[in-house]
Amino acid sequence: MELTRLIVKGGVISPGELREVVNMAADQGLDSISFGSRQDIIFPKGFKALDKEKMGKHHFVFPDEKSGNNIVSSYVSTDIFRNTNWLTGNKFLYILEQFKDQPKLKVNINDPKQQLVPLFTGHLNFIASEHEDYWYLYIRLPKWHRMEVYPVLIYSWDIATFYYEIERIVTTEESFGIDMIFSLVSEALDTNNRTIDKPLNVPFYPFPYYEGMNRMGIDQYWLGLYWRNNFYDLDFLKEMCDLCFDCKIGKICITPWKSFIIKGIPKDRKLEWEKFLGKKGINVRHSLLELNWHLPVAMDWALNLKTFLVRTLDQFDISTYGLNFGLSEYNRDGHYFTSIVIEKNELPKDLESIKIRDTYNVLFAKNFDPNTREYIVHSQDIDKLELPTILIELSRKYFEELGNSIPETTEKNTQKKEKPQLDVYQCQECLTTYNPEYGDESQNIPKGILFTDLAETYCCSLCEAPKSNFKILEAVTI
């Protein structure tokens, strides 16, 4: 279905901006809006294009356009879920502010310790490291068959600069891989990188409960709101924005789960919010079985299937704590981000005129952890009525294996230690590193050449300091 999207940078919108959006939708005769999986706002079919004056600073993407992708961020998780100590909400906002032009590629900027926002669903995925203000960068550009790790950590205030340079490379170069990107970016930018001293570790935690009124610090609360049909009433949103103004709440956060979170509700206003929700008849205590589903927007088949599965599993009193589920039309694009995926198979074209029942495939993430990015096919060509039994079976498998699996990064790290180690050297003048895994393309030195094997006339490719100015930094594996 063709829908209009409103880009919401990082999933963060002010009550004033949301009120403007609600008014635009109401002016066109709409009564609701929806939220998308990349923390954007979705309008139903029939939303008409607006002139620039009416759109203001809002960035709309209409059905016939391909102009822009949203930046996904885990700003929504800060202060309410597990987080990396140095990564504050303000830091997220400062980084997002550096993106002045609308990105053409999908960008994710996330904390690896939270589970609410997927880490690897972008073309460029910036993931916070343990070193303050430094980020891993995982890249999987369009038409790439696998994800690659950028060779160095990126400084917080260089993230936007890095992104725009890589976007420029993608739009100007015909073919490129991670080595070429690293070389071109290093040549073009003067940035404050840091050597990767250990692989990314993404801890596995059960999926969080993100709805209802919850304590935040000593004297504040956060509120998560979820409507199962993903149609959020405009009149409700208007009054909610007014209440945010009155409570001096500056940000509303959209999640990738078709819901939104309001942080910073004062303790002495909690009752007022609860009365407001009660008067509007808003349910804020859905079960985990109901909440943890990712559905495509405005797809009736998906909502109907989810309703059937939730009701059936509820009858069997099945626990799904820590699991989440996704419904998708068959595509195998490798960008799923739920523990269990149910794919709807395409109907063969030669059978389209015949009324036959849909069939489904069921996949689950390795260790039931979507961040492994590896999915295992459990069942294929299954009838709808067989799906509850399979989900019950997988739920039991999850709890049987819970705590027994070896983290993905630990496995990789163990494998690396079995390989030979090479030394990385660093220029003491400008801190440029020479890594034998990459060589030095600017001086025609291929991969695999040890620093000690370089000619004595070798000099730093950035500041031209002599070879003697380089000191050993660390051992790396290839």
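Please read these numbers as outputs of a predicted model, since none were measured by experiment. (Residues numbered from 1 in each chain as written. Predicted model: local features only at pLDDT ≥ 70, side-chain atom pairs only at ≥ 80, totals over all residues. Heavy atoms only, no water.)

1. Section: the nonpolar core
1) Next: Ranked by internal contacts, the top residues of the largest apolar core, which has 50 residues, are I109, W135 and Y150.
2) Next: Look past the residues within four positions of Y150 in its chain and what remains in contact with it is L137, I139, F162, I178, I181, F182, V185, S186 and I196.
3) Next: By size, the runner-up hydrophobic cluster in this structure holds 43 residues, among which are M24, Y221, L243 and C244. (Core = buried A, V, L, I, M, F, W, Y, C linked by side-chain atoms within 4.5 Å. Buried < 20%, exposed > 50% of the residue type's maximum accessible area, 1.4 Å probe, protein only. Contact = heavy atoms within 4.5 Å.)

2. Side note on the side chain of S395
1) Next: Locating S395 in the fold gives a position in helix α10 (residues 387–401).
2) Next: Not counting the four nearest positions on each side in its chain, S395 is found in contact with I318, S319 and L323. (Helix = DSSP H or I, 4+ residues; strand = E, 2+ residues; numbered from the N terminus.)

3. A short note on empty space enclosed by the protein
A water-sized probe rolled over the atoms picks out the places where empty space is left.
1) Next: Counting across every chain of the model gives one cavity of 30 Å³ or more.
2) Next: Reported here for the largest cavity is a volume of approximately 40 Å³.
3) Next: If you go around the largest cavity, the residues you meet are Q115, F204, Y205, F207, G322, N324, S339, F368 and P370.
4) Next: The residue makeup of the lining of the largest cavity, split by class, is five nonpolar, four polar and no charged. (1 Å grid on protein atoms, 1.4 Å probe; cavity = no way out; pocket = protein on both sides within 12 Å on 5 of 7 lines; lining within 4 Å. Points joined across faces, edges and corners; volume = space filled by probe spheres on them. Nonpolar A, V, L, I, M, F, W, Y, C, P; charged D, E, K, R; others polar.)

4. Comments concerning unusual backbone geometry
1) Next: Despite not being glycine, D317 shows a phi value in the positive range, around 60°.
2) Next: Overall, D317 belongs to the exposed group, its relative accessible area being 68%.
3) Next: Here F368, not a glycine, exhibits a phi torsion of approximately 60°, which is positive.
4) Next: Mapped onto the fold, F368 is located in the loop between β21 (359–365) and β22 (375–383).
5) Next: A residue is classified by how much of its surface remains accessible, and F368, at 1% relative accessible area, is buried.

5. Concerning the pattern of salt bridges
1) Next: Scanning the entire structure with this criterion turns up 19 salt bridges.
2) Next: For R269, the salt bridge is made with E272, and the minimal N-O distance between the two is 2.6 Å.
3) Next: Taking the relative accessible area as the measure of exposure, E272 reaches 35% and is therefore partly exposed.
4) Next: For E374, the salt bridge goes to K366, with nearest N and O atoms at 4.0 Å.
5) Next: Under the relative-accessibility criterion, E374 is labelled partly exposed at 37%.
6) Next: Connected through shared salt-bridge partners, K91, E132 and D133 make up one network. (Salt bridge = Lys/Arg side-chain N within 4 Å of Asp/Glu carboxyl O.)

6. What to know about the confidence of the model for the protein chain
Where the model shows low pLDDT, its predicted coordinates should not be examined in detail.
1) Next: Overall, the predicted model of the protein chain reaches an average pLDDT of 86, with 90% of residues at or above 70.
2) Next: Of all helices and strands in the protein chain, the one with the weakest mean pLDDT is helix α11 (residues 408–417) (40), whereas strand β8 (residues 124–128) scores best (97).
3) Next: Scored below 50 in pLDDT, residues 407–420 shows 15 contacts in the model against residues more than four places distant or in partner chains. (pLDDT = per-residue confidence, 0-100.)

7. Things to note about the sheet that holds β22
Two orientations exist for strands paired in a sheet by backbone hydrogen bonds: parallel and antiparallel.
1) Next: Spatially, β18-β19-β20-β21-β22 is the arrangement adopted by the five strands of the open sheet, whose pairing is mixed. With partners counted over all chains shown, the strands left at the sheet margins are β18 (293–294) and β22, one partner each.
2) Next: Where β18 lies against strand β19 (residues 325–329), two bridges are found, and the strand directions are parallel. Each bridged residue has a counterpart across the sheet, and for H294 the counterpart in β19 is G326.
3) Next: Sheet contacts for helix α9 (residues 300–315): β18, β19, β20 (340–344) and β21; angle to β19, the most-contacted strand, approximately 145°.
4) Next: Set on the sheet, α10 makes contact with β18, β19, β20, β21 and β22; between it and β22 the angle comes to about 160°. (Pairing = 2+ DSSP bridges. Axes fitted to C-alpha atoms, helices over the stretch in contact; angles between N-to-C directions.)

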